[in-house]
Protein chains: 2
Amino acid sequence: MAESKHETILRAAQKLFAERGYDGTTVPMIAEEARVGAGTIYRYFENKQKLVNELFRGSVARFAATLRDGFPEQEDFRQKFRHVFYRLIRYSRENPEAFRFINATANAYFLDEQSKADFEGFMDFIESHLDEGKKAGLLRDLPSQAFIAIVYGTIFHLSRMFEDGTLEPADELLSGIENSCWDAVSES
Amino acid sequence: MAESKHETILRAAQKLFAERGYDGTTVPMIAEEARVGAGTIYRYFENKQKLVNELFRGSVARFAATLRDGFPEQEDFRQKFRHVFYRLIRYSRENPEAFRFINATANAYFLDEQSKADFEGFMDFIESHLDEGKKAGLLRDLPSQAFIAIVYGTIFHLSRMFEDGTLEPADELLSGIENSCWDAVSES
DNA sequence: GAGACCGGAATGAACGTTCATTCCTACATT
DNA sequence: AATGTAGGAATGAACGTTCATTCCGGTCTC
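Calculation notes
- Residues numbered from 1 in each chain as written.
- Chains lettered and ligands numbered in written order.
- Predicted model: local features only at pLDDT ≥ 70, side-chain atom pairs only at ≥ 80, totals over all residues.
- Heavy atoms only, no water.
- Near = heavy atom within 4 Å.
- Polar contact = N/O pair within 3.5 Å; in protein donor to acceptor, adjacent residues only side chain to side chain.
- Helix = DSSP H or I, 4+ residues; strand = E, 2+ residues; numbered from the N terminus.
- Nonpolar A, V, L, I, M, F, W, Y, C, P; charged D, E, K, R; others polar.
- Contact = heavy atoms within 4.5 Å.
- Buried area = accessible area lost by both parts, 1.4 Å probe.
- Salt bridge = Lys/Arg side-chain N within 4 Å of Asp/Glu carboxyl O.
- Domains from an automatic or database assignment.
- Buried < 20%, exposed > 50% of the residue type's maximum accessible area, 1.4 Å probe, protein only.
- 1 Å grid on protein atoms, 1.4 Å probe; cavity = no way out; pocket = protein on both sides within 12 Å on 5 of 7 lines; lining within 4 Å.
- Points joined across faces, edges and corners; volume = space filled by probe spheres on them.
- Least-squares fit on C-alpha atoms with pLDDT ≥ 70 in both.

J.: Which parts of the structure should I look at to understand the protein's contact with DNA strand C?
T.: Around DNA strand C there are 17 residues in total, and Tyr42 and Lys48 of chain A together with Gly39, Thr40 and Tyr44 of chain B lie nearest to it. Here DNA strand C approaches the protein such that, of its atoms within 4 Å, sugar and phosphate make up 65%. Interatomic distance of 3.5 Å between a backbone N/O atom of Thr25 of chain A and a phosphate oxygen of DNA strand C. A distance of 3.5 Å separates a base nitrogen of DNA strand C from a polar backbone atom of Ala38 of chain B. Element by element, the count of residues in the surface near DNA strand C is highest for helix α3 (residues 38-44) of chain B, at 5 residues. Classifying every residue of the surface near DNA strand C by side-chain character gives 6 nonpolar, 7 polar and 4 charged.

J.: How do you make sense of the interface of chain B and chain A when you look at a structure like this?
T.: Reports of interface size often rely on the accessible area that becomes lost once the parts have come together. Facing the 34 residues of chain B at the interface are 34 residues of chain A. Summing both partners gives a buried area of about 2800 Å² for chain B against chain A, and 63% of it is carried by carbon and sulfur. Summed over the three residues of chain B that lose the most area to chain A, namely Tyr109, His157 and Ser180 of chain B, the buried surface amounts to 16% of that side. Counting across the chain B and chain A interface gives 2 salt bridges. Residue Asp183 of chain B pairs with Arg140 of chain A through a salt bridge whose shortest N-O separation is 2.6 Å. Taken together, chain B and chain A are joined by 8 residue pairs in polar contact (both at pLDDT 80 or more).

J.: Just to check I follow, could you spell out the domain arrangement of chain A for this structure?
T.: All names here are of chain A. According to the domain assignment, chain A contains domain 1 (1-45) and domain 2 (56-185). Taken over C-alpha atoms, the centre of domain 1 sits 27 Å from the centre of domain 2. Opposite the 6 residues of domain 1 that make contact, domain 2 presents 7 residues. Here domain 1 packs against domain 2, burying approximately 640 Å² in sum over the two surfaces, 60% of which is carbon and sulfur. Considering only the surface of domain 1 that becomes buried against domain 2, Gln14, Ala18 and Tyr22 emerge as the three largest contributors, covering 69% of it. The interface formed by domain 1 and domain 2 holds 2 residue pairs in polar contact (both at pLDDT 80 or more) in total.

J.: In this structure, what is going on with the side chain of Ser144 of chain A? I would like to understand it.
T.: Residues and elements named next belong to chain A. Position of Ser144 relative to the elements: it lies in helix α8 (residues 144-164). Under the relative-accessibility criterion, Ser144 is labelled buried at 5%. Discounting residues that sit within four places of it in the chain, Ser144 has contacts with Glu127, Leu130, Asp131 and Lys134.

J.: Quick question: what am I supposed to make of the protein's contact with DNA strand D here?
T.: Gly37, Thr40 and Tyr44 of chain A together with Val27 and Tyr42 of chain B are the nearest of the 16 residues found near DNA strand D. Near-protein atoms of DNA strand D (within 4 Å) split between backbone and bases, with sugar and phosphate holding 69%. The contact in question runs from a phosphate oxygen of DNA strand D to an N or O atom on the side chain of Lys5 of chain A, over 3.1 Å. Where the surface near DNA strand D is concerned, the elements lending two or more residues are α3 (38-44) of chain A together with α2 (27-34) and α3 of chain B. Per element, the largest residue contribution to the surface near DNA strand D is 5 residues, and it comes from α3 of chain A. Here the surface near DNA strand D is composed, by residue class, of 6 nonpolar, 7 polar and 3 charged.

J.: Is there a simple way to explain unusual backbone geometry in this structure?
T.: The general pattern is negative phi for most residues beyond glycine and trans for most peptide bonds. Unlike most non-glycine residues, Arg35 of chain A shows phi in positive territory, near 55 degrees. The topology assignment puts Arg35 of chain A in the loop between α2 (27-34) and α3.

J.: Help me understand empty space enclosed by the protein in this model?
T.: A water-sized probe rolled over the atoms picks out the places where empty space is left. Enumeration over the complete set of coordinates arrives at 2 cavities of 30 Å³ or more. Roughly 70 Å³ of internal volume is contained in the largest cavity. At the level of elements, α5 (77-94), α7 (113-135) and α8 (144-164) of chain B are the ones that each hand at least two residues to the lining of the largest cavity. Per-element accounting of the lining of the largest cavity gives the leading share, 4 residues, to α5 of chain B. Here the lining of the largest cavity is built from residues that sort into 9 nonpolar, 1 polar and no charged. Quantified by volume, the second largest cavity comes out at close to 40 Å³. Lining the second largest cavity, in full, are Phe81, Val84, Phe85, Ile126, His129, Leu130 and Val151 of chain A. Of all the elements in the fold, those that place two or more residues in the lining of the second largest cavity are α5 (77-94) and α7 (113-135) of chain A.

J.: Is there a simple way to explain the relation of the copies chain B and chain A in this structure?
T.: Note that the two copies of the chain are related through a rotation about an axis and a translation along the same axis. With an axial shift of 0.0 Å and an RMSD of 0.1 Å, the rotation relating chain B to chain A amounts to 180 degrees. The two molecules are tied by a two-fold rotation axis, judged by turn and shift. Comparing interface residues between copies, 100% of those in chain B also sit at the interface in chain A, which points to an isologous, same-surface contact.

Given below as structure tokens:
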């Protein structure tokens, strides 16, 4: 089998959660999307809330891995910034549903402590990376959270536009926006 | 009475929708928050979906009014940009629940055509304003949608941080971010 | 005391979840 | 090789609960 039932169910849930949200998605909907019986879902997940938390943590872990993977530890800060930017873009483009799901879910009332902690850890990676640039005097005198708002906020909105076809993700466009973001955060 | 029941119900619904989303909010919850009977809600709204759509349109209308109000038609583009930036910030700060609700709801499956059209009209105002700057050669060679992603995306993320206390909305910080955004979109 | 208005119990549909049953696969027996 | 059997996996009808919505008896207002 190419994909286990466990994975099939998670994939189906992710698609629906991204489209309709957690509360707007019923367990029978997930079952139908995954082409399994409703009861089967409960062989793999204790309940709907455990399912959404497991899905969230998995998505965040893969997202974090995408960022850390091939991080140019030896190169200069400008290169590192570029790496993070393009990896954020890459993940949002290759996993639009996961990206949308993560962002819509990150503050949700049904997330457990572990999930919240995992997401915070992921954000800390981005923040500490920006802190490094700030210490090196390469970035403006703003809290690194502000940089996150600029870079992550931009990419988040961009990915929405790519998804609904408002904007086409051409290389030239991405490179232009990467420069914009760099100019927004870097010391003049 | 300072506030009609109609308004009280809308306010209560907005608070809950912003916190828990449309499907995560039940009509009895809204009734309790508004301190009215569940049946009373149906004296003012045909059903839950009509309620959320009316609320959405009202919020978008007030948001749009905030932007248009006092728009410095006679001044230069830099001033106009500043105006839009600070009005976006102002609305998100004075109406954090409305702002969060609008952004979480803008693409939702339960919005009717009228609501979608209203929101698009609002976004068109921002876009046409940016187009003007582009025609004047003041902005980079990027689609104006990309500018929206940068400015609106930044403010959206920022407002989240203000709401959950990650960041404090000091004047100095806002002015610094406004400059960042301007540098991100303007021709060097 | 008539009429508009309101609250919250009542209602049927739909929810998350369970469970008795069926299905499938692998191995034992011949 | 063919048949029998065991047991985990899968199912979907059924359960209690909760939802959106309706309805009706009571309460203000004039």
